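An overview of the molecular structure
Here are the chains, one letter per residue:
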Amino acid sequence: MAEAAGAARPEECPGTGSAQAGRAAACQGCPNQGLCAAGAGGPDPAEAAELRARLRAVRHTVLVLSGKGGVGKSTFSAALAHGLAADEDKQVALLDIDICGPSIPKMMGLEGEQVHQSGSGWSPVYVEENLGVMSVGFLLSSPDDAVIWRGPKKNGLIKQFLRDVDWGEIDYLIVDTPPGTSDEHLSIVQYLSATHIDGAVIVTTPQEISLQDVRKEINFCHKVKLPIIGVVENMSGFVCPKCKKESQIFPPTTGGAEKMCQNLNVSLLGKVPLDPQIGKSCDRGQSFLSEAPESPATLSYRSIIQRIQEYCEQRHSQEEKSI
């Protein structure tokens, strides 16, 4: 890790499977030292109180999930953050907890940035005045560094991101998660349960091989009592920029996300078509929504973002009435 984190670099970590886990010289000062030494961890009452204190000014929290990698989850997270922050009156934060594959710094044009320590904690790295980002990518000496950590170390860093980052007053905290339903997902749900989660947006593509894993993700949400805002079908057809004809690059052999949502009684938030400009914008660290404002994909993104906002506001109103 970078010196700003006050801990050892990833390559210096002895590993949680080592007899020296939590006891080596490199472990001194690491926020996860106790977790590694104990081999477990979850918020005890004192930790829960710390998390509530740090996140008390966060109005809405949205998790972005996907059962399978490569479906465009981080791309959607970046677009969601940019879309919400287009309203200058809204404060937005994007938290990247994909510890082993942090792509958010590059997508947001922040590659090479470092985390800075202040008297009130770590400071997010800002894209705009109202859009802050935090990622393990900011703690690495090089974007090519591999983070070879087991569960307890990852869990400790996720907790530190929530507890030690000076998020300030935020309207929307977007959490970009890695694929799957394991350590990182359990940790973020467990830690945020001490505060508040509006729900999860689940990203898929039309193929059955993706939907198969998304069904597992939906089942995970039900088991951990995580509300599901809805499903986004990414790479849903391709609209030719010249003739405007739509083609199905990934044919939905089992009915796609729409059929799955009907079967599982989950909302389909929308479908985002393939657009080569999306990948180009991500590689350049630019907002696709700003670079291609009239693209069919941008119009789809904006419709989905509006539905997410409406869900969050409705949920907030219901919770206020129940108090």
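How each quantity is defined
Residues numbered from 1 in each chain as written. Predicted model: local features only at pLDDT ≥ 70, side-chain atom pairs only at ≥ 80, totals over all residues. Heavy atoms only, no water. Helix = DSSP H or I, 4+ residues; strand = E, 2+ residues; numbered from the N terminus. Buried < 20%, exposed > 50% of the residue type's maximum accessible area, 1.4 Å probe, protein only. Areas by Shrake-Rupley, 256 points an atom, 1.4 Å probe, with all protein chains shown as cover. Pairing = 2+ DSSP bridges. Salt bridge = Lys/Arg side-chain N within 4 Å of Asp/Glu carboxyl O. pLDDT = per-residue confidence, 0-100. Contact = heavy atoms within 4.5 Å. Axes fitted to C-alpha atoms, helices over the stretch in contact; angles between N-to-C directions. Parallel < 35°, antiparallel > 145°, perpendicular 65-115°, else oblique. Nonpolar A, V, L, I, M, F, W, Y, C, P; charged D, E, K, R; others polar. Phe/Tyr/Trp six-rings, centres within 6.5 Å; stacked < 30°, edge-to-face > 60°. 1 Å grid on protein atoms, 1.4 Å probe; cavity = no way out; pocket = protein on both sides within 12 Å on 5 of 7 lines; lining within 4 Å. Points joined across faces, edges and corners; volume = space filled by probe spheres on them.

By the naming in an unreviewed UniProt entry, the chain is NUBP1 factor, taken from Grallaria varia.

On to the overall build of the chain. Regarding its fold elements, the chain presents 11 helices and 11 strands. For the chain, buried positions account for 50% of its 323 residues. In the form shown here, the chain has an accessible surface area of approximately 14,400 Å², with 48% of it arising from carbon and sulfur atoms.

In terms of residue burial, strand 7 (residues 170-176) counts as a mostly covered element, since seven of its seven residues are buried. When strand 1 (residues 58-65) meets strand 7, the two strands line up parallel, connected through six bridges. Residue pairing for strand 7: His-60 is matched across the bridge by Tyr-172. As paired strands, strand 2 (residues 92-96) and strand 7 are joined by five bridges and run parallel to one another. Bridge pairing in strand 7 links Val-92 to Tyr-172.

The next point concerns the pattern of salt bridges. Close approach of charged atoms lets side chains of opposite charge pair. The final tally for this structure, using the stated rule, is 12 salt bridges. Across the pair Lys-106 and Glu-111 runs a salt bridge whose closest N-O atoms are separated by 3.5 Å. Judged by its relative accessible area of 36%, Lys-106 falls in the partly exposed class. A cluster of three or more residues bridged by salt bridges with shared partners is formed by Lys-68, Asp-213 and Lys-216.

Let's shift gears to the confidence of the model for the chain. With 89% of its residues at a pLDDT of at least 70, the chain reaches an overall mean of 86. Across residues 1-7, where pLDDT falls below 50, the model places 23 contacts with residues more than four positions away in sequence or in other chains.

Relative orientation of the contacting elements helix 2 (residues 45-55) and helix 5 (residues 151-164) amounts to 50°, with a least axis distance of 8 Å. Between helix 2 and helix 5, the interaxial angle falls into the category oblique. Touching Glu-47, Glu-50, Leu-51, Arg-54 and Leu-55 of helix 2 are Lys-159, Leu-162, Arg-163 and Asp-164, all from helix 5. For the contact of helix 2 with helix 5, the per-class residue count stands at three nonpolar, no polar and six charged.

Turning our eyes to something else, we now look at the environment of Lys-225. By the secondary structure assignment, Lys-225 is in the loop between helix 7 (208-223) and strand 9 (228-239). Looking at Lys-225, the relative accessible area reads 74%, which means it is exposed. Residues Lys-225 and Val-189, spaced 36 residues apart in sequence, show a C-alpha to C-alpha distance of 9.2 Å.

A word on the packing of aromatic side chains. With the rule as written, the count across this model stands at three aromatic pairs. Taking the centre distance of 6.2 Å and the plane angle of 35° together, the rings of Phe-76 and Tyr-301 count as tilted. Of this pair, Phe-76 sits in helix 3 (residues 73-85) while Tyr-301 sits in helix 11 (residues 296-322), placing them 225 residues apart in sequence. Comparing Phe-76 with Tyr-301, the two get one shared label, buried. When its relative accessible area of 2% is taken as the criterion, Tyr-301 is described as buried. Counting every residue linked through ring pairs, the aromatic cluster contains Phe-76, Phe-288 and Tyr-301.

With that settled, the discussion passes to the side chain of Ser-210. Along the chain, Ser-210 falls in helix 7. Excluding anything up to four places from it in sequence, Ser-210 contacts Lys-68, Val-71, Thr-204 and Thr-205.

So, about the environment of Leu-268. With respect to the helices and strands, Leu-268 occurs in strand 11 (residues 268-274). Expressed as a C-alpha distance, the spacing of Leu-268 and Ile-304, which sit 36 residues apart in the sequence, is 9.3 Å. Those residues in contact with Leu-268, other than ones at most four positions away along the chain, are Val-231, Glu-233, Ala-257, Glu-258, Cys-261 and Arg-307.

With the rule as written, the count across this model stands at two cavities of 30 Å³ or more. Its volume calculated, the largest cavity comes out at about 90 Å³. Looking at the largest cavity, the residues that line it are Thr-75, Ala-78, Ala-79, His-82, Met-107, Ile-278, Cys-282, Gln-286, Ser-287, Phe-288 and Tyr-301. Sorting the residues of the lining of the largest cavity by element identifies helix 3 and helix 9 (276-284) as the ones contributing at least two each. Among the elements that line the lining of the largest cavity, the one with the most residues is helix 3, at four residues. Looking at the lining of the largest cavity residue by residue, the classes come out as seven nonpolar, four polar and no charged.

Taken as a whole, the largest pocket spans an internal volume of roughly 280 Å³. Lining of the largest pocket is provided by 16 residues; of these, His-82, Ala-85, Ala-86, Glu-128 and Ser-290 occupy positions nearest its centre. For the lining of the largest pocket, the secondary-structure elements that each account for two or more residues are helix 3, strand 5 (125-128) and helix 10 (288-291). The element best represented in the lining of the largest pocket is helix 3, accounting for three residues. Grouping the constituent residues of the lining of the largest pocket by class yields five nonpolar, seven polar and four charged.

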